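# An overview of the molecular structure
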Amino acid sequence: MSKFCFKCGDFRDTFTKTVSESYKIRGENIQIEVDREFCSECSEMLGSDKQDAEIQLRLYSIYRKRADLLSPEEIRNIRSGYGLSQRSFANLLGMSEATINRYERGALQDKTHDNLIRACKSADYVRDLLTRNGSQLSSWQKEKANKAINNGAGKQIFTEDFNEQCFPNEISLITGYRNFSYERFSKAVVFLCSEMGEVCTTVLNKLLFYADFICFAKSTVSLTGSAYRRLTFGPVPSDYDGAFSRMVDDKLIKSEEVEFDNGICGFYFSTSESSEDLKSVFSKSEIKVLEFIANKFKGMKAKDISDLSHKEDAWLHTNDRDLITYDYATNLKITMPD
């Protein structure tokens, strides 16, 4: 195998050698064995960003054991054991969503945050947090957390309960005359991510809104059964955070934290899942709606998509944070050809 050697200025064959390396993590000396590649011509070590990231995760793992800190998996299990999304868990603890996301992806937490998260192993502690900070959560997330506590803290409740806890589970104009289907919702998200590449939260929410409302306009039944809420940046699935968090937990999508030009942090979603099995869930006409949405908005900036949604009667004539009726589906600014 050949790699580019910056010292030689050309591609060179390489050889691998195990070397002992010493690092310092928060004042703690840690020594590990690493398989390094070297240039066969000049013996220069040839590193890579990927290997450096893997080494960092190894070092953090060793440090956590020495300092008795929670692992990323333990943090994720504590949070999901109460059925909480990353955002809701962060709000409950007085942290940022980005902080919880980083910890679950392997970033090294400080001792203060570790103690706060560890305390959530106690159902009584979380019950007290819900009493004091529950106003920071959506009613669905709060109800879900209380249900988890009543069922026994630490249990995973991301099963069929998710449908009724996260989204209004009714057949009405609020849901587009369809019970919410996590399977349909997740497959729509996977399809849009696979077609659009990396998609930020704002864009993904608007794509789902248009897919559901266009589908309803054509067949009087929504695509996923999701209810939509009016927020500042446009219409969003009523508990998109809970749904996206579950999809991340189910490894259907990946989330990556980014900092935008305005200094605000957000998330981009991507997937490596195949969207070829759409036929098992959606009809031909529903697949055409998804394809139309992907083609219509591909290449558009998030601001332009958000601005377009602000022109919709569904957003203009609904009070802030209220659920949007599918009655507005017949007055969309974009239409899909028959």
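Now for a look at the structure at hand.

Cut-offs used in this document
Residues numbered from 1 in each chain as written. Predicted model: local features only at pLDDT ≥ 70, side-chain atom pairs only at ≥ 80, totals over all residues. Heavy atoms only, no water. Pairing = 2+ DSSP bridges. Helix = DSSP H or I, 4+ residues; strand = E, 2+ residues; numbered from the N terminus. Contact = heavy atoms within 4.5 Å. Axes fitted to C-alpha atoms, helices over the stretch in contact; angles between N-to-C directions. Expected span 1.5 Å × (residues − 1). Buried < 20%, exposed > 50% of the residue type's maximum accessible area, 1.4 Å probe, protein only. Patch = residues over 30% accessible without salt bridge, like charges linked within 9 Å, V, L, I, M, F, W, Y side chains within 5 Å. Areas by Shrake-Rupley, 256 points an atom, 1.4 Å probe, with all protein chains shown as cover. Salt bridge = Lys/Arg side-chain N within 4 Å of Asp/Glu carboxyl O. Arc of directions from axis to C-beta. Left-handed = near helix turned anticlockwise from the far one by under 90°. Parallel < 35°, antiparallel > 145°, perpendicular 65-115°, else oblique. Nonpolar A, V, L, I, M, F, W, Y, C, P; charged D, E, K, R; others polar. Core = buried A, V, L, I, M, F, W, Y, C linked by side-chain atoms within 4.5 Å.

Strand order in the open sheet made by the four strands is β1-β2-β3-β4, with antiparallel pairing throughout. Two strands in the sheet have a free side with no partner beyond their single neighbour: β1 (2–5) and β4 (45–46). Summarising the sheet, β1 and strand β2 (residues 10–25) pair through four bridges and their orientation is antiparallel. Its bridge partner lying in β2, K3 is registered against R12. Against the sheet, helix α1 (residues 49–67) contacts β2 and β3 (28–39), and its axis sits at roughly 160° relative to β3.

Let us now look at the sheet that holds strand β10 (residues 323–324). Two orientations exist for strands paired in a sheet by backbone hydrogen bonds: parallel and antiparallel. Strand order in the open sheet formed by three strands is β7-β6-β10, with antiparallel pairing between adjacent strands. Each having just a single partner strand, β7 (234–237) and β10 make up the two edges of the open sheet. Bridge count for strand β6 (residues 228–231) against β7 is four bridges, and the pairing is antiparallel. Each bridged residue has a counterpart across the sheet, and for R229 the counterpart in β7 is V236.

Across its 19 residues, helix α10 (residues 201–219) extends 27 Å between first and last C-alpha, which sits within 8% of the 27 Å expected from 1.5 Å per residue. Taken across its 19 residues, α10 has 15 buried, putting it largely inside the fold.

For the rest of this paragraph, the subject is a nonpolar patch on the surface. A contiguous nonpolar patch, built from F4, F6 and F11 and spanning about 390 Å² of accessible area, is present on the exposed surface. Tracing the chain through its elements places F4 in strand β1. A relative accessible area of 34% places F4 in the partly exposed class.

Quick look at helix α6 (residues 123–133) now. Every buried residue of α6 is accounted for by A123, V126, L129 and L130. All buried residues of α6 lie within an arc of 115° about the axis, which places them on one face of the element. The exposed set on the far side of α6, more than 90 degrees from its buried face, consists of D124 and T131.

It is the contact of helix α9 (residues 182–196) with helix α12 (residues 284–297), at a shortest axis distance of 10 Å, that shows an interaxial angle of 40°. In the crossing of α9 with α12, the sense of the turn from one axis to the other is right-handed. Residue-level inspection shows R184, A188, F191, L192, E195 and M196 of α9 in contact with α12, the latter providing E286, L290, E291, I293, A294 and F297.

A few words now on the packing of α9 against α10. Interaxial distance between α9 and α10 falls to 11 Å at its minimum, and their mutual angle equals 120°. For the element pair α9 / α10, the angle class is oblique. Here α9 and α10 pass one another in a crossing that is right-handed. Of the residues in α10, those touching α9 at F185, A188, V189, L192, C193 and M196 are L204, L207 and L208. Taken together, the residues of the contact of α9 with α10 break down into nine nonpolar, no polar and no charged.

Moving on, we get to the pattern of salt bridges. Counted under the stated rule, the structure contains 16 salt bridges. A salt bridge links D52 to R36, with the shortest nitrogen-to-oxygen separation between them at 3.9 Å. Highlighted residues: D52 in helix α1 and R36 in strand β3, separated in sequence by 16 residues. Its relative accessible area of 41% is what places D52 among the partly exposed residues. The class for R36 is buried, based on a relative accessible area of 5%. Measuring nitrogen to oxygen at the nearest pair gives 3.3 Å for the salt bridge that ties E286 to R184. Of this pair, E286 sits in helix α12 while R184 is found in helix α9, placing the two residues 102 residues apart along the sequence. Accessibility assignment for this pair places E286 and R184 in one class, buried. A single network of salt bridges, built from pairs that share partners, joins E21, R36 and D52.

The next thing to look at is the nonpolar core. Core analysis: the biggest nonpolar cluster contains 56 residues, and V189, L204, L208, I293 and F297 have the highest contact counts within it. Elements that contribute at least two residues to this core include exactly α9, β5 (199–200), α10, β6, α11 (240–249), β9 (265–270), α12 and α13 (302–309). Looking at which element gives the most residues to this core, the answer is α10, with eleven residues. When neighbours within four sequence positions are excluded, V189 is seen to be in contact with L204, L208, F244, M247 and I253.

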